[in-house]
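So you can see what is in the structure, the chains are spelled out below.
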Amino acid sequence: MTVRRIITVPDPILRKKSESVNDIDKDIKKLMNDMLETMYDAPGIGLAAIQIGIPKRIVVMDVSKEPNKKEPIYFVNPQITWKSDTKASYEEGCLSIPNQFAKIERPEKCNIKYLDYHGTEKEIKAEGLLATCIQHEIDHLNGILFIDHLSKLKKNIIIKKVSKNKKELERIVV
Ligand code: ZN
């Protein structure tokens, strides 16, 4: 497994719409393993393939609350088949938007249809953190970031902050 570089805003790659996976072959499994390793290393609780520059509809996630217990979930071609009318808010962050957080409201519950690591079709009922996280990740597959749920003003402030931090970091490295 290899830790890959995570792409951050304002890189236009993050706006690309990802394509469905037709066959979960060795290369796709290798990609999923790398994604999981990258996510744990970051550390984060979810990662979409586009965040490491691969426009494929793959998400890895681990929302386990116990720090030493790993419970990875792999979602290939995930689709929301149902959303609740009730909403829930979380303070969201994103590995592609480092150190920025904002309160985002999303449907509290949803059902997700997807293929697992072995290509088996599954459907789960998600709520709480899992529901919020999978919606955030499916947004990534459609080129949408959590800041798109904010006002244009708030969104631009966050993008400017991240871009500025990036430049400062580069200056130190050089
Ligand atoms: Zn994200």
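See the structure shown above.
Below is a short write-up of the structure. (Residues numbered from 1 in each chain as written. Predicted model: local features only at pLDDT ≥ 70, side-chain atom pairs only at ≥ 80, totals over all residues. Heavy atoms only, no water.)

**Section: the side chain of S18**
Part 1 of the reasoning: Within the element layout of this structure, S18 appears in the segment before α1 (26-41).
Part 2 of the reasoning: Among all residues touching S18, those that are not within four sequence positions of it are I50, P55, K56, R57 and L141. (Helix = DSSP H or I, 4+ residues; strand = E, 2+ residues; numbered from the N terminus. Contact = heavy atoms within 4.5 Å.)

**Some points on the pairing of strand β3 (residues 73-83)**
Part 1 of the reasoning: Two strands pair when backbone bridges link them, and strand β2 (residues 58-61) and β3 are joined in this way by 4 bridges, in the antiparallel orientation. Across the sheet, residue V59 finds its bridge partner in β3, namely F75.
Part 2 of the reasoning: Across 5 bridges, the pairing between β3 and strand β6 (residues 109-115) is antiparallel. Among the inter-strand pairings, K83 is bridged to a residue of β6, identified as C110. (Pairing = 2+ DSSP bridges.)

**Considering the sheet that holds strand β7 (residues 121-127)**
Part 1 of the reasoning: Pairing is antiparallel across the open sheet formed by 5 strands, whose spatial order is β1-β2-β3-β6-β7. Two strands lie at the open edges of the sheet, namely β1 (46-48) and β7, each paired on one side alone. Between one strand axis and the next, the sheet turns by 40° as a mean value, whatever way the strands run.
Part 2 of the reasoning: Summarising the sheet, β1 and β2 pair through 3 bridges and their orientation is antiparallel. Opposite G46, over in β2, you have M61 as the bridge partner.
Part 3 of the reasoning: Docked against the sheet, α1 engages β1, β2 and β3, running at close to 40° with respect to β2. (Axes fitted to C-alpha atoms, helices over the stretch in contact; angles between N-to-C directions.)

**Section: the nonpolar core**
Part 1 of the reasoning: Formed by 17 residues in total, the largest nonpolar core has its most connected members in M32, M35, L47, I58 and V60.
Part 2 of the reasoning: Looking at this core, the elements with two or more residues in it are α1, β2 and β3.
Part 3 of the reasoning: Among the elements that take part in this core, α1 stands out by supplying 6 residues, more than any other.
Part 4 of the reasoning: Grouped together as the second largest cluster of nonpolar side chains are 16 residues, I50, V63, F75 and I112 included. (Core = buried A, V, L, I, M, F, W, Y, C linked by side-chain atoms within 4.5 Å. Buried < 20%, exposed > 50% of the residue type's maximum accessible area, 1.4 Å probe, protein only.)

**Some words on the layout of surface pockets**
Over the atoms a probe the size of a water molecule is rolled, and this reveals where empty space is left.
Part 1 of the reasoning: By volume, the largest pocket is sized at about 370 Å³.
Part 2 of the reasoning: In this structure, the largest pocket is lined by 22 residues; those nearest its centre are I45, E92, G93, C94 and H136.
Part 3 of the reasoning: Counting residues per element, the ones that place at least two in the lining of the largest pocket are β4 (87-94), β5 (97-107) and α2 (128-141).
Part 4 of the reasoning: The greatest single-element share of the lining of the largest pocket, amounting to 6 residues, is contributed by α2. (1 Å grid on protein atoms, 1.4 Å probe; cavity = no way out; pocket = protein on both sides within 12 Å on 5 of 7 lines; lining within 4 Å. Points joined across faces, edges and corners; volume = space filled by probe spheres on them.)

**Thoughts on the pattern of salt bridges**
Part 1 of the reasoning: Enumeration according to the criterion identifies 8 salt bridges in this entry.
Part 2 of the reasoning: Here R106 ties to E92 by a salt bridge, and the two come within 2.8 Å at their closest N and O atoms. Pair noted here: R106 is in strand β5 and E92 is in strand β4, with a separation of 14 residues, a long-range link. Like R106, the residue E92 is buried in the burial classification.
Part 3 of the reasoning: Of the charged contacts in the structure, one is a salt bridge between K122 and D116, with a shortest N-O distance of 3.3 Å.
Part 4 of the reasoning: We classify K122 as partly exposed; its relative accessible area is 37%.
Part 5 of the reasoning: Look at the salt bridges and you will find they share partners, linking R4, K30 and D34 into a network. (Salt bridge = Lys/Arg side-chain N within 4 Å of Asp/Glu carboxyl O.)

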